[in-house]
Amino acid sequence: MDVTSETPISAEPDGAHPRAASITLEGVGKRYPDGTEAVRELSLEVRAGELTVLIGPSGCGKSTVLRMINRLVEPTGGRILLGDEDVTRVDPVALRRRIGYVIQNVGLFPHQTVLANVGTVPRLLGWSRDRVRRRSAELLELVGLDPKQFGRRYPHELSGGQRQRVGVARALAADPVVLLMDEPFSAVDPIVRTRLQEEFLRLQADVRKTIVLVTHDLDEAVRLGDRIAVLSEGGRLEQYDSPAAVLGAPASGFVRQFVGADRGIRALAVTPVTAEALDPAPADPAGLPEVALGSSAYDALAVMLTSGADRVLVTAGGRPAGLLTRERALAPAQRQG
Ligand SMILES: Nc1ncnc2c1ncn2[C@@H]1O[C@H](COP(=O)(O)OP(=O)(O)OP(=O)(O)O)[C@@H](O)[C@H]1O
């Protein structure tokens, strides 16, 4: 391959319309050669630019689903579409260059520098040396690593969290249409994990990729997911919904049990205060604690607790929008059997 020539395979992202493709699974199944039916028949649509989390007990088929999308595992039934393109009709190697893949422990090449690791796919795509270098440095900056300080280091000279960021930068380097992430943050300690998740959310607000992320961690699913797919054994889809709906209205006994007893508190954190929950604002609201419309029910309750009040004034654009009582704020936590 001519590594000095530019190729049109991957266009530069254009800020207004970042390149991201929807993913459609239609009755997808995987039976491994030993007869294990890891996924029976799964249908799921991930909208372009959204982050979908796959969650479920160990062995339910999450990784198998993820790996069928980039054909590290070949489906034995059904269809997978990237946009409107059937992935089984695409050369798997070319396909994987268009799909970013981040795994636990990252899998960086130990004998290559950070910059070289990040530039792996663009190099394979035949980008010029200069363009690869520029893009890799840009990506390192995007994930919060100074290319001057870290670019020439080797993976063993980084912390676990820094390695994870390099993994994300590498996965984004060729501007993939889709990003697949398998337990990407589970190898780091809880404090670093929370920070990485927050940074990752900021990054995603910028790049708006279509992301499928596998995790064991319900808090991570709730924090990161636009939608959560709860799977049970055999890749059975128990519920596919927003975090608030999964926590607030579990679709089955399985989901209810899976999300556990503390789902009420989690539901408060992901349910925003909306205008429908409000009583009319009093004529003179002076002295009442305030929160902005759209804050979480959890935040509204925290304000009530710290101020000793049993209601808060909810404001929109700085003006009173209504009153939220403690009972109404608690409703998302109680809306479940
Ligand atoms: N190569 C393989 N050959 C046979 N069976 C396999 C193979 N890979 C996975 N399986 C089986 O398929 C099922 C689903 O595995 P998979 O790794 O997709 O689950 P998972 O939900 O990602 O699990 P975990 O959360 O433990 O990582 C399991 O029963 C597993 O033992």
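Residues numbered from 1 in each chain as written. Predicted model: local features only at pLDDT ≥ 70, side-chain atom pairs only at ≥ 80, totals over all residues.

1. A word on the pairing of strand E1 (residues 23-31)
Where E1 and strand E4 (residues 77-82) come together, 5 bridges link them in antiparallel fashion. Within E4, the residue paired with Glu26 across the bridge is Arg79. Looking at chain direction, E1 and strand E2 (residues 37-46) are connected through 6 bridges and run antiparallel. Looking at the pairing, Leu25 lines up with Leu44 of E2. As consecutive antiparallel partners, E1 and E2 are separated by 5 residues, and within that stretch Gly35 has a phi angle of approximately 100°, a positive value. (Pairing = 2+ DSSP bridges. Helix = DSSP H or I, 4+ residues; strand = E, 2+ residues; numbered from the N terminus.)

2. Digging into helix H14 (residues 326-334)
Every buried residue of H14 is listed here: Ala329, Pro332 and Ala333. Projected onto a plane normal to the axis of H14, the buried residues spread over an arc of 110° and lie on a single side. Summarising the geometry of H14, the exposed residues directed more than 90 degrees from the buried face are Glu327 and Gln334. Contact partners of the buried residues in H14: helix H10 (243-248), helix H12 (263-270), helix H13 (297-307) and strand E13 (319-325). (Buried ≥ 20, exposed ≤ 12 C-beta atoms within 10 Å, placed from the backbone. Arc of directions from axis to C-beta. Contact = placed C-beta atoms within 7 Å.)

3. Section: the domain arrangement of the chain
You can read the domains of the chain as domain 1 (23-266) and domain 2 (271-334). Taking only C-alpha atoms, the centre of domain 1 and the centre of domain 2 are 36 Å apart. Opposite the 4 residues of domain 1 that make contact, domain 2 presents 4 residues. Residue assignment for the side of domain 1 that touches domain 2 shows that the elements contributing at least two residues are H10 and H12. (Domains from an automatic or database assignment.)

4. Topic: the site of the ligand
In the neighbourhood of the ligand, the contacting residues comprise Tyr32, Asp34, Thr36, Ala38, Ser58, Gly59, Cys60, Gly61, Lys62, Ser63, Thr64 and His216. A total of 3 residues in the shell around the ligand trace back to one element, the largest contributor, which is helix H1 (residues 62-69). The residue inventory of the shell around the ligand, partitioned by class, reads 3 nonpolar, 7 polar and 2 charged. (Near = placed C-beta within 6 Å. Nonpolar A, V, L, I, M, F, W, Y, C, P; charged D, E, K, R; others polar.)

5. Describing helix H7 (residues 160-172)
Between the first and last C-alpha of H7 there are 19 Å, a value that for 13 residues agrees with the 18 Å anticipated at 1.5 Å per step. Counting buried positions along H7 gives 11 out of 13 residues, so the element sits mostly inside the fold. (Expected span 1.5 Å × (residues − 1).)

6. Focus on unusual backbone geometry
Positioned with a positive phi, Glu183 is a non-glycine residue whose angle comes to about 50°. Looking at the secondary structure, you find Glu183 in the loop between strand E7 (178-182) and helix H8 (190-207). Given 19 C-beta atoms within 10 Å, Glu183 falls into the partly exposed group. The phi dihedral of Arg208 falls on the positive side, at around 45°, and the residue is not glycine. For Arg208, the position within the fold is in the loop between H8 and strand E8 (210-215). Residue classification places Arg208 among the partly exposed residues on the basis of 17 C-beta atoms within 10 Å.

7. Some thoughts on the pairing of strand E12 (residues 311-316)
Pairing geometry for strand E11 (residues 290-292) and E12, over 3 bridges, is parallel. For Ala292, the partnering residue across the bridge sits in E12 and is Thr315. On the question of chirality, the crossover connecting E11 to the parallel E12 by way of H13 is right-handed. Where E12 and E13 come together, 6 bridges link them in antiparallel fashion. In the strand pairing of E13, Ala316 is matched with Arg319. Linking E12 to E13, which pair antiparallel, is a turn of 2 residues; within it Gly317 sits at a positive phi near 60°. (Right-handed = clockwise from strand over helix to strand, strands pointing away.)

8. Structural notes on the environment of Arg311
Note on placement: Arg311 falls in strand E12. The partly exposed category is assigned to Arg311, around which 19 C-beta atoms lie within 10 Å. Separated by 13 residues in sequence, Arg311 and Leu324 have C-alpha atoms that sit 5.4 Å apart. When near neighbours in sequence (up to four residues on either side) are disregarded, Arg311 contacts Leu288, Leu323, Leu324, Thr325 and Arg326.

9. So, the sheet that holds E4
One open sheet accounts for 4 strands, arranged E2-E1-E4-E5; its pairing is antiparallel. The sheet terminates laterally at E2 and strand E5 (85-86), the two strands that pair on one side only.

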